[in-house]
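A structural walkthrough
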Amino acid sequence: MAPTGYFTHPDCRKHRMGDGHPECPERLDAIEDRLLICGVADALQRMEAAPAPLADLELAHDRMHVAALRGLSDALVEDMAAGGPSLAHVDPDTAMNEHTWTAALRAAGAALAATDAVIAGELANAFCAVRPPGHHACRDRAMGFCFFNNVAIAARHALQRHGLTRVAVVDFDVHHGNGTEDILAGDPRVLMVGFFQHPLYPYSGTPPRADNMLNLPVPPYTRGAAVRELVERHWLPRLEAFEPQMLFVSAGFDAHRDDDLGQMGLVEADYAWLTERLVDVARRHAGGRLVSVLEGGYNLPALARSVEAHLRVLADL
Ligand SMILES: [Zn+2]
């Protein structure tokens, strides 16, 4: 049995959007510490992510979007050398520092490398502990802490470079994955299923933009039992009928009870249950192939415990 891969890179820690920003490098430290202390790290195949080639970013993004972010990064570095500010904002909550460009390439590169290794059978499945996250990044726009859509890039890579014909994208972040929807809506090779608190940033997803999007908006204070029922009633039949050859997971853990960026009530056991259902689908239809990529999750202890629960299921511990 091939191991579960754990992709990360020290560059992903260097991206920082200002003091007190919830999408902070310490998120990765919390995950890493927890996995070491609980022993789960020992069971994982640790991999360093190579930067994504620019051509691969263009599987999901307009060339102009990639060029614009690169230009913004270059201008920032020049301005900093001349004594200018150390952050360049793309929206009020989303900023580049001098390391963001490289971190974003590593994050997308992790999802790509994980996809390659899982399809090659070198890994059973994989988790990418990377930042910046990706699911709000649209075809031509960075927003909501996201620059490049790591999951959409990897899904398109599996379709276009590896010749798969059906891939599923699953998004359990508390926020709607509007960027992934923007990129993949109407692509008949993709089924995307998600739930998200509504109304909540980015105030999208109702109605879905195309038939290949299964969006389940849920009210604040929705707890795990209700989410499990929705997943059983809506996600699983659609996933079963679609028979995906590979699953991609936008693994945000901000629907956790302790997370202040949303008001949902999931706990670690719910993330374990969700992961079990997805692993089941992957085993039945996709030879177990599943790549999970970190999105949100801002309460550090809850994030770390939830990732542990997710990985225990992926690694069959
Ligand atoms: Zn989120």
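Residues numbered from 1 in each chain as written. Predicted model: local features only at pLDDT ≥ 70, side-chain atom pairs only at ≥ 80, totals over all residues. Heavy atoms only, no water.

Focus on the pattern of salt bridges
All told, the structure shown has 23 salt bridges when counted by the stated rule. When the shortest N-O distance is used, the salt bridge between Arg 131 and Glu 23 registers 2.6 Å. Remark: Glu 23 occurs in the loop between helix H1 (11-14) and helix H2 (26-38) and Arg 131 occurs in the loop between strand S5 (125-128) and helix H6 (150-160); sequence separation between them is 108 residues. Just as Arg 131 is buried, Glu 23 falls in that class too. Among the ionic pairs, Asp 56 bridges to Arg 161, the shortest N-O distance being 2.5 Å. Of this pair, Asp 56 sits in helix H3 (residues 54-57) while Arg 161 sits in the loop between H6 and strand S6 (167-171), and the two are 105 residues apart along the sequence. In this structure, a network of salt bridges that share partners links the residues Arg 257, Asp 258, Glu 268 and Arg 305. (Salt bridge = Lys/Arg side-chain N within 4 Å of Asp/Glu carboxyl O. Helix = DSSP H or I, 4+ residues; strand = E, 2+ residues; numbered from the N terminus. Buried < 20%, exposed > 50% of the residue type's maximum accessible area, 1.4 Å probe, protein only.)

Concerning the nonpolar core
Grouped together as the largest cluster of nonpolar side chains are 96 residues, with contacts concentrated most on Phe 172, Phe 195, Trp 235 and Phe 248. Ranked by the residues each element gives to this core, the list is headed by helix H5 (residues 100-119), at 11 residues. Discounting chain neighbours no more than four positions away, the residues touching Trp 235 are Val 170, Asp 171, Phe 172, Val 193, Gly 194, Phe 195, Leu 214, Leu 216, Leu 230, Leu 274 and Leu 278. (Core = buried A, V, L, I, M, F, W, Y, C linked by side-chain atoms within 4.5 Å. Contact = heavy atoms within 4.5 Å.)

A short note on the sheet that holds strand S2 (residues 44-48)
Ordered by their spatial adjacency, eight strands build an open sheet running S2-S1-S5-S10-S9-S6-S7-S8, and the pairing between neighbours is parallel. A single partner strand is all that each edge strand has here, and the edge strands are S2 and strand S8 (213-218). Geometrically, the sheet is characterised by an average inter-axis angle of 15° between neighbouring strands, direction not taken into account. Relative to strand S10 (residues 290-294), S5 is paired through three bridges, and the arrangement is parallel. Paired with Cys 128 across the bridge in S10 is Val 293. Across the face of the sheet, H6 comes into contact with S6, strand S7 (190-197), strand S9 (246-251) and S10 while running at roughly 175° to S9. (Pairing = 2+ DSSP bridges. Axes fitted to C-alpha atoms, helices over the stretch in contact; angles between N-to-C directions.)

Some thoughts on the packing of aromatic side chains
Evaluated as defined, the whole model comprises seven aromatic pairs. Measuring from centroid to centroid gives 5.5 Å for Phe 172 and Phe 253, while their planes differ by 70°, and the two rings are edge-to-face. On the criterion of sequence distance, the pair formed by Phe 172 in the loop between S6 and helix H7 (178-184) and Phe 253 in the loop between S9 and helix H9 (268-285) is long-range, its members being 81 residues apart. Of the two residues examined, Phe 172 and Phe 253, each falls in the buried class. Residues Phe 195 and Trp 235 carry aromatic rings whose centres are separated by 5.6 Å and whose planes lie at 20° to one another, so their mutual orientation is stacked. On the criterion of sequence distance, the pair formed by Phe 195 in strand S7 and Trp 235 in helix H8 (residues 224-242) is long-range, its members being 40 residues apart. One aromatic cluster is present, formed by Phe 172, Phe 253 and Tyr 271 through successive ring pairs. (Phe/Tyr/Trp six-rings, centres within 6.5 Å; stacked < 30°, edge-to-face > 60°.)

Structural notes on the coordination of the zinc ion
Coordination of the zinc ion by the protein comes from Asp 173 (OD), Asp 173 (OD), His 175 (ND1) and Asp 254 (OD), over a distance range of 1.9 to 2.7 Å. Classification of the site at the zinc ion rests on its four donor atoms, whose angles at the metal span 52 to 152°, yielding the label irregular. Expressed as a motif, the donor residue spacing for the zinc ion is D-x1-H-x78-D. With Asp 173 in the loop between S6 and H7 and Asp 254 in the loop between S9 and H9, this pair connects stretches of sequence that are 81 residues apart. Note on Asp 254: relative accessible area 0%, which makes it buried. (Donors = N, O, S within 2.8 Å, 3.2 Å for Na, K, Ca; no water. Tetrahedral: all angles 85-135°; square planar, octahedral: opposite > 155°, others 65-115°.)

Here we look at the pairing of S9
The buried count for S9 comes to six of six residues, which makes it a mostly enclosed element. Side-chain alternation along S9 places Met 246, Phe 248 and Ser 250 on one buried face and Leu 247, Val 249 and Ala 251 on a second face that is also buried. Sheet topology places S6 next to S9; five bridges connect them, and they run parallel. The partner of Ala 168 across the bridge, within S9, is Leu 247. In this sheet, S10 lies alongside S9 in parallel orientation, the contact comprising five bridges. Among the inter-strand pairings, Ser 250 is bridged to a residue of S10, identified as Val 293. Read as a crossover between parallel neighbours, the route from S9 over H9 to S10 is right-handed. (Right-handed = clockwise from strand over helix to strand, strands pointing away.)

A look at the state of the cysteines
Applying the stated criterion across every chain yields a total of zero disulfides. Cys 128 supplies the cysteine sulfur nearest to Cys 12, a cysteine that is in no disulfide, at a spacing of 9.4 Å. Classification of Cys 12 as buried rests on a relative accessible area of 0%. The cysteine Cys 146 is free of any disulfide, with Cys 138 supplying the nearest cysteine sulfur at 9.2 Å. (Disulfide = S-S within 2.5 Å.)

Describing H2
Here H2 is 13 residues long and its end C-alpha atoms lie 18 Å apart, about the 18 Å a rise of 1.5 Å per residue gives. Residues Arg 27, Leu 28, Ala 30, Ile 31 and Leu 35 constitute the buried set of H2. Buried residues of H2 fall within an arc of 160° about the axis and therefore sit on the same side. Exposed and facing more than 90 degrees away from the buried side of H2 are Leu 36 and Ile 37. Those residues of H2 that are buried are in contact with strand S1 (4-8), H1, S2, S10 and helix H10 (300-314). (Expected span 1.5 Å × (residues − 1). Arc of directions from axis to C-beta.)

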